[in-house]
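# Close look at the chain arrangement
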Amino acid sequence: MSDSMVTVEQFIAEQEREHPDATGAFTDVLLQMSLAAKIIARSVNKAGLVDILGAAGTDNVHGEEVQKLDEYANDVIVEILGKGGSVCGIASEESERLILIPEGYETGPYVISIDPLDGSSNIDVNISVGTIFSIHRKRSTGRDVQESDVMQLGSEQCAAGYVQYGSSTMLVFTTGAGAHGFTLDPSIGEFLLSHPNMKMPRPGKRIYSINEGYAPKWSDGQRRLVERFRNGEGEEGSFSARYVGSMVADFHRTLLRGGIFMYPGTVDAPGGKLRLLYEVAPLAFVCEQAGGQASDGRHRVLDIEPTELHQRIPAFMGSPELVELAERYLAEG
Ligand code: AHG
Ligand code: MN
Ligand code: MN
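Residues numbered from 1 in each chain as written. Chains lettered and ligands numbered in written order. Predicted model: local features only at pLDDT ≥ 70, side-chain atom pairs only at ≥ 80, totals over all residues. Heavy atoms only, no water.

## Structural notes on the overall build of the protein
Looking only at helices and strands, the protein has eight helices and 15 strands in total. Taken over the C-alpha trace, the protein has a radius of gyration of 19 Å; the compact-globule value for 333 residues is 20 Å, and the two agree within 12%. Taken along the three principal axes of its C-alpha coordinates, the protein extends 60 × 45 × 45 Å. Taken over 333 residues, the protein has a buried fraction of 55%. (Helix = DSSP H or I, 4+ residues; strand = E, 2+ residues; numbered from the N terminus. Rg over C-alpha atoms; globule rule 2.2 N^0.38 Å. Buried < 20%, exposed > 50% of the residue type's maximum accessible area, 1.4 Å probe, protein only.)

## So, the layout of surface pockets
Estimates place the volume of the largest pocket at around 550 Å³. Looking at the largest pocket, it is lined by 20 residues, and the ones nearest its centre are Gln 15, Glu 16, His 19, Phe 26 and Thr 175. Residue classes in the lining of the largest pocket are distributed as eight nonpolar, seven polar and five charged. (1 Å grid on protein atoms, 1.4 Å probe; cavity = no way out; pocket = protein on both sides within 12 Å on 5 of 7 lines; lining within 4 Å. Points joined across faces, edges and corners; volume = space filled by probe spheres on them. Nonpolar A, V, L, I, M, F, W, Y, C, P; charged D, E, K, R; others polar.)

## Observations concerning the coordination of the manganese ion (ligand 2)
The coordination sphere of the manganese ion (ligand 2), as far as protein atoms go, consists of Asp 115 (OD), Asp 118 (OD) and Glu 279 (OE), spread over 1.8 to 2.1 Å. Spacing between the donor residues of the manganese ion (ligand 2) along the chain follows D-x2-D-x160-E. Separating the manganese ion (ligand 2) from the manganese ion (ligand 3) is a distance of 3.8 Å, and Asp 115 supplies a donor atom to each of them. Remark: Glu 279 occurs in helix 7 (residues 276–289) and Asp 115 occurs in strand 5 (residues 110–118); sequence separation between them is 164 residues. Classification of Asp 115 by relative accessible area gives buried; the value is 1%. Looking at Glu 279, the relative accessible area reads 3%, which means it is buried. (Donors = N, O, S within 2.8 Å, 3.2 Å for Na, K, Ca; no water.)

## So, the domain arrangement of the protein
What the domain assignment lists for the protein is domain 1 (3–197) and domain 2 (207–332). With centres defined by C-alpha atoms, the gap from domain 1 to domain 2 works out at 23 Å. Contact residues are listed per partner, giving 48 residues for domain 1 and 32 residues for domain 2. Of all residues in domain 1, Ile 132, Met 151 and Tyr 162 give up the largest surface area on contact with domain 2, accounting jointly for 21% of the area buried on that side. Where domain 1 packs against domain 2, one counts one salt bridge. Linking Glu 93 and Arg 275 is a salt bridge whose minimum nitrogen-to-oxygen distance equals 2.4 Å. Here domain 1 and domain 2 share 13 residue pairs in polar contact (both at pLDDT 80 or more) between them. Elements with a minimum of two residues in the side of domain 1 that touches domain 2: strand 3 (87–92), strand 5, strand 6 (129–137), helix 4 (147–150), strand 7 (159–165) and strand 8 (169–174). (Domains from an automatic or database assignment. Contact = heavy atoms within 4.5 Å. Buried area = accessible area lost by both parts, 1.4 Å probe. Salt bridge = Lys/Arg side-chain N within 4 Å of Asp/Glu carboxyl O. Polar contact = N/O pair within 3.5 Å; in protein donor to acceptor, adjacent residues only side chain to side chain.)

## Notes on the nonpolar core
Core analysis: the largest hydrophobic core is formed by 41 residues, its most contacted members being Ile 112, Phe 133, Ile 135 and Phe 173. By residue number, the principal contributor to this core is helix 2 (residues 25–46), which donates ten residues. Core analysis: the second largest hydrophobic core is formed by 31 residues, Leu 255, Leu 302, Ile 304 and Ile 313 among them. (Core = buried A, V, L, I, M, F, W, Y, C linked by side-chain atoms within 4.5 Å.)

## Looking at the packing of aromatic side chains
We describe a pair of aromatic rings using the distance from one ring centre to the other and the angle between the two ring planes. On inspection of all chains with the given rule, the structure shows nine aromatic pairs. Between Phe 11 and Phe 182, the ring centres sit 5.2 Å apart and the planes meet at 75°, which makes this aromatic pair edge-to-face. Placement of Phe 11 in helix 1 (residues 8–17) and of Phe 182 in strand 9 (residues 179–185) is noted, with a sequence separation of 171 residues between them. Of the two residues, Phe 11 and Phe 182, neither departs from the other in class, the shared state being buried. Ring centres of Tyr 162 and Phe 251 lie 5.7 Å apart, and the angle between their planes is 90°; on these two criteria the pair is classed as edge-to-face. (Phe/Tyr/Trp six-rings, centres within 6.5 Å; stacked < 30°, edge-to-face > 60°.)

## Describing the sheet that holds strand 15 (residues 315–318)
Read across the open sheet, the five strands follow the order 12-11-13-15-14; overall the sheet is mixed. On the outer flanks of this sheet lie strand 12 (240–241) and strand 14 (293–295), each paired with one strand and no other. Along the sheet face, helix 8 (residues 320–331) touches strand 13 (260–263), strand 14 and strand 15 and points at about 155° away from the line of strand 15. (Pairing = 2+ DSSP bridges. Axes fitted to C-alpha atoms, helices over the stretch in contact; angles between N-to-C directions.)

Structure follows, in structure tokens:
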């Protein structure tokens, strides 16, 4: 059977067969995420035709305007995973507190952290958006999830990945055995293996990806780093700039082409904007599995101990040489 005939179901079942002690709960979490992704993709593709564009009229826990599609994507994932019997709780960008499993429904041994809709400011202008997820094994005893179950190291993730709703819909994930990409074939409603064992090209394209509108608020080191890229001053030569403003899309390009994606801290917001648990850590896991590096500018992202559910951290992800270069510039202040 050629790669393009392998469904995500078959791929995950195959991986599970290599673990004879597996109960199937972990497979279920991934399959439920892929079902949620298909349902969200269906709505994203119809945005504009059905009443799903625009603001929902509320702000989320971060004081950001909630879009209808943010809420919709969150509801779909919470409904499918919350009642699917494999997780005992969900941490979501859209919910200040952990989401518990309703009474009467089974719970399972996993916790999932989600950014249901990433890049929501791009929805109304028909630019790629995404979903990000991170799965940990529950540590506490008792039926309900505790914050400590979610606030584990990124290096303890059992699986992590994202869905990109782009010109095609792709699901990319890792369980720690490489990063694999699946493309949704809408005619049969299946994710098919299209990108087995993804590897960030080395040296890869010289692309830097950052919102330069914030340059006046960067540290000196950050400013000098981007000047080096822009002026082609370093031994790496000249660079191109790309910035979608949907992290999933910017990350996916970095994974396939190489380069560096950056969302640094600023004088006003030293932690930047992106959230550790359900944005940066899951992509960092995929990044490393593809041979890249992920840093907050000083430390490996996967070694950062979370202190808050909705904690923000600066993010530098991409080709190892460029992430290390960024760390050197930032260390100089
Ligand atoms: P979200 O839509 O989940 O709140 O995430 C938004 C993000 C991320 O996708 C992107 O990298 C970043 O916001 C862009 O922010 P700026 O507009 O500040 O560059
Ligand atoms: Mn996001
Ligand atoms: Mn979001």
